[in-house]
Amino acid sequence: MPELPEVETIRRTLLEKIQNQTIKEIICYHPDVLINQENLSLNDWLIQDIRRRGKYLLFDLTKAEQSTTENNSIVAMIHLRMTGKLLLEDTIVEPAKHTHVRFILNNGGSLDFNDVRRFGRVTMFSAGNEFSDRGYATLGPEPLGDDFTADYLIKICQRFKRSTIKGVLLNQQAIAGIGNIYADESLFRAGIKPDQKAGEISEELLTVLHQKIREVIAEAIGHRGTSFRDYVDGLGNKGFFQLKLAVYQKDGDLCPVCDTTIEKIKVAGRSTHFCPNCQK
DNA sequence: GCCAGCCTGTTG
DNA sequence: CAACAGGCTGGC
């Protein structure tokens, strides 16, 4: 479900509410969803910080009471995949259908990981070991970071020159955090057809695309993400970038720029929306 | 690179 | 009923 702007919005809403609270206990209702390979303690962890990298959320946890014999610093890595949600509850309530992991908080409430399709995961690591996760360790640069430059985009399009440009944007090793919505919207704004081969796009156009990616991601964060079907942030609030979408899920509608009918095709295995007049 | 598979729910 | 859904992995 969520891409970078949604995960970032979740991070911000949760951080404001639960930083410096203690996770008294972690309860797992479905063994596939919580991975605790190192057999780390699941009790009494202070939430120091919540970070985001690409579409991953990282909870930095320290032992509420320091010990010399145990790990005092661990990371809970959460990936929401398609339908994962993190929801704060003020009191202990009956777990909702599809709630698979529950973090019991010291304020009498809980943070619940809920995921209909069960693609998402909560993985516990001792601090530093999160890099043993291949998907995490190989993430490309953050689209809003200093190391995501136009030159970098040009370089990465050379490296994946046989791939479609949309395939490059969706490749988390190339750029971290872009998914189907923001790939389509960035390519629309840059005037690039999603099935163009990455190696056949001019440097000038890739420089425009670089700028449009940053623009779209920043705007979407400003709008607290896109609630197309069921995305909500950590407090259950919807985003409103769906009001700004030009092409995503707009097939059959008219292009906001030129009134041509938006089309839908399959690119890189994903449904892809574009304006056949604006995008070449 | 591509694409089936992982899951359940919703929509046509 | 089949097709599809905001993601990623692993096996060709």
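Residues numbered from 1 in each chain as written. Chains lettered and ligands numbered in written order. Predicted model: local features only at pLDDT ≥ 70, side-chain atom pairs only at ≥ 80, totals over all residues. Heavy atoms only, no water.

Caption draft 1: Seen up close, the domain arrangement of chain A. Taken domain by domain, chain A holds domain 1 (4-137) and domain 2 (150-274). Taking only C-alpha atoms, the centre of domain 1 and the centre of domain 2 are 29 Å apart. Contact with domain 1, which involves 18 residues of that partner, is made by 20 residues of domain 2. Between domain 1 and domain 2 lies a buried interface of about 1500 Å² when both sides are counted; carbon and sulfur atoms form 66% of it. Counting the surface domain 1 buries against domain 2, the share from its top three residues, Pro5, Glu6 and Thr9, is 32%. The tally of links from domain 1 across to domain 2 stands at zero salt bridges. Along the contact surface separating domain 1 from domain 2 lie seven residue pairs in polar contact (both at pLDDT 80 or more). The residue makeup of the side of domain 1 that touches domain 2, split by class, is seven nonpolar, three polar and eight charged. (Domains from an automatic or database assignment. Contact = heavy atoms within 4.5 Å. Buried area = accessible area lost by both parts, 1.4 Å probe. Salt bridge = Lys/Arg side-chain N within 4 Å of Asp/Glu carboxyl O. Polar contact = N/O pair within 3.5 Å; in protein donor to acceptor, adjacent residues only side chain to side chain. Nonpolar A, V, L, I, M, F, W, Y, C, P; charged D, E, K, R; others polar.)

Caption draft 2: Region of the structure containing the protein's contact with DNA strand B. Near DNA strand B the following residues occur: Lys97, His98, Val116, Arg117, Arg118, Phe119, Phe160, Arg162 and Ser163. The sugar and phosphate moieties of DNA strand B supply 64% of its atoms located within 4 Å of the protein. A distance of 3.2 Å separates a phosphate oxygen of DNA strand B from a polar side-chain atom of Lys97. Between His98 and DNA strand B, the recorded distance is 2.9 Å, taken from a side-chain N or O atom to a phosphate oxygen. Class assignment for the residues of the surface near DNA strand B results in three nonpolar, two polar and four charged. (Near = heavy atom within 4 Å.)

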